[in-house]
Amino acid sequence: MKRKVFSRIMTATLIGLAAAFLAACSADSGGNTAGNPAGELRRFTLVTRSDTLNIGDGVTFEGFTFDGTMPGPQMEVNEGDTVEITVFNDDSVTHGLSIHAANAQTSNYVGNIAPGETKTVTFTADYPGVYMYHCAPGGHGIMAHTMGGQFGMFVVEPKEQYRMEAELGREPDIKIYIVQHEVYADGRDFFDGKALYVMFNGENFRYVKEPIQARPGDYVRFYYLNVGPNLTSTFHAVGGIWDDIYYGGNPKNLMHGTQSVVSGPTDSWVIDWIIPAEGPFTLVSHAFGTQAIKGAIGIIQSSEDAPRISEVRSEGRSTPPIENPKRFVSPFGLGSETLDHPVRFRDGDRMFIQMVGNSYWPKRAEVPVGSTVTWINEDVFDMLEGERTGKHDVVTISATGPDRFASELLKHAETFETVFTEPGEYEYICSIHPYMRGKIIVYED
Ligand SMILES: [Cu+2]
């Protein structure tokens, strides 16, 4: 039966069940399972939705989540467990789930989940290690939704002990679960790999603001996952050398004594380390300009009298968004004017608006009366349909002037143009990805 995936697909009319699923989620997901005998049935429930999140320091983020946090819930099982994950799509757009801990094509069972629908996948956790999961509506949507905030960590604790644990005869003093991930301002930057922020567990400099407390000599284990979705990280402790590192977190993949671990998108490590002294140890992705300086820094504060903590979990913080954020990051929507600057075109300019990474770019364009504006679809994945495709259109949803426009669905490199005859503000969306928003401001020349 191993490695065999069972599907139990329940089509749903499930508003009543949603509450039950939410309750089940808080009851079942999360929590350390170490000590359970192997081979148990472990049930988890995830809820997909559109969300606005507080990501710290007066900044909010609008995207998609599992269970309302970015990263989503951390799930842990033991090697050999049977894992059942139910996904309820509590949104108006299609979502799904891809779970790397299964040696099986899980998106066949929990991919492409329509609004209001619930699907379940069951698999056995055959390989120990630290795994990524992410949204999987299918096709182009998989990439867009993963960038949009839908990802998390799934840990399969091994039957075989890690070397240091066996040698010391005890579990680590502290388990630190870290998901490194990028935040993008828009789909153009996503294409170009130009992250706005790079975070540990959902917040810039989260563990600089709240250092992780430890004592000299503590046995610390990191579960480190680089979600990406684009950048390759080099995780390092300033003032330390990693004692034991395990690629993917599998006890069979042991190496010793390195200054860093290299992780492409979705790569992971288990790192066992004895804290060598008192003092701060800065945790950092050593890609300084593209990652560390943008948020991928944390601190372990080591002192003899540090308060005792047993774990640091990887879920994003669950706090409601603040009321007047200084910045509103919305990769698919209009975002903040100070981030998503209006681009002012002049008479005689060629005026192109790209559709790229499920966003319009520039999101706001100012054009003189009489302008012809051309939209061009730079998304390449133009197969499939609905949430799974990179085909887009432009449709007016509100206007203070008389001009209205509605294009055909554009495939890659196809264009649509329209002329603006009167001043006004014209807001538009993509009819099949309605969270994509753009604005044309027509001014008197
Ligand atoms: Cu999704």
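Structure first, text after, so check above.
Below you will find a few notes about this structure. (Residues numbered from 1 in each chain as written. Predicted model: local features only at pLDDT ≥ 70, side-chain atom pairs only at ≥ 80, totals over all residues.)

### Points about helix α3 (residues 139-147)
Taking burial as the measure, the nine residues of α3 include nine buried ones, the bulk of the element. Here the buried face of α3 lies against β3 (59-66), β6 (98-99), β8 (129-134), β9 (151-157) and α5 (187-192). Immediately beyond the C-terminal end of α3, within one or two residues, lies glycine 149, with a positive phi of roughly 120 degrees. (Buried ≥ 20, exposed ≤ 12 C-beta atoms within 10 Å, placed from the backbone. Helix = DSSP H or I, 4+ residues; strand = E, 2+ residues; numbered from the N terminus. Contact = placed C-beta atoms within 7 Å.)

### Let's talk about the pairing of strand β13 (residues 219-228)
Most of β13 sits inside the fold, with nine of its ten residues counted as buried. The pairing of strand β10 (residues 174-183) with β13 spans eight bridges and is classified as parallel. When the bridges of β13 are listed, tyrosine 177 appears paired with tyrosine 223. Both β13 and strand β18 (residues 268-274) contribute to a ladder of seven bridges, which runs antiparallel. Bridging across to β18, phenylalanine 222 finds its partner in isoleucine 271. (Pairing = 2+ DSSP bridges.)

### Focus on the sheet that holds strand β17 (residues 260-263)
Two orientations exist for strands paired in a sheet by backbone hydrogen bonds: parallel and antiparallel. Ordered in space as β12-β20-β19-β14-β17, the five strands form an open sheet in which the pairing is mixed. With one partner strand each, in any of the chains shown, β12 (212-214) and β17 form the two edges of the open sheet. On average, adjacent strands in this sheet sit at an angle of 20 degrees to one another, irrespective of strand direction. Of the strand pairs in this sheet, strand β14 (residues 233-238) and strand β19 (residues 279-285) are connected by four bridges, and their pairing is antiparallel. The residue of β19 that forms the bridge with alanine 237 is leucine 283. (Axes fitted to C-alpha atoms, helices over the stretch in contact; angles between N-to-C directions.)

### Overview of the sheet that holds strand β28 (residues 395-399)
Spatial ordering of the open sheet is given by β23-β26-β31-β30-β28, a layout of five strands whose pairing is mixed. In this open sheet, the two edge strands, each paired with only one partner strand, are β23 (343-344) and β28. Bridge count for strand β30 (residues 424-429) against strand β31 (residues 437-443) is six bridges, and the pairing is antiparallel. Across the sheet, tyrosine 426 pairs through a bridge with isoleucine 440, a residue of β31.

### Thoughts on the pairing of strand β15 (residues 242-247)
As paired elements, β15 and strand β16 (residues 254-258) share four bridges and run antiparallel to each other. Of the residues in β16, the one forming a bridge with aspartate 244 is histidine 256. A loop of six residues connects β15 with β16, the two strands running antiparallel in sequence, and glycine 248 in this loop sits at a positive phi of about 70 degrees. Bridge analysis of β15 against β18 gives four bridges, and the strand direction is antiparallel. Paired with isoleucine 245 across the two strands is isoleucine 271, which belongs to β18.

### Side note on the environment of arginine 350
Residue placement: arginine 350 occurs in the loop between β23 and β24 (351-356). C-beta crowding within 10 Å serves as the criterion here: with 8 such atoms nearby, arginine 350 is assigned to the exposed category. Here the alpha-carbon distance between arginine 350 and threonine 372, two residues 22 residues apart in the chain, equals 8.2 Å.

### Some remarks on unusual backbone geometry
At the junction of methionine 70 and proline 71, the peptide bond is cis and its omega measures out at -5 degrees in the coordinates. Mapped onto the fold, proline 71 is located in the loop between β3 and β4 (75-78). Between glycine 228 and the following residue, proline 229, the backbone shows a cis peptide bond with an omega angle of 20 degrees. You can see proline 229 is positioned in the loop between β13 and β14. At aspartate 57, a residue that is not glycine, the phi angle is positive and equals roughly 60 degrees. Topologically, aspartate 57 is positioned in the loop between β2 (41-54) and β3. Not every positive phi belongs to a glycine, and asparagine 201 is a case in point at roughly 55 degrees. Structurally, the position occupied by asparagine 201 is in the loop between β11 (197-200) and α6 (206-209).

Keep in mind these numbers describe shape, not what the thing actually does.
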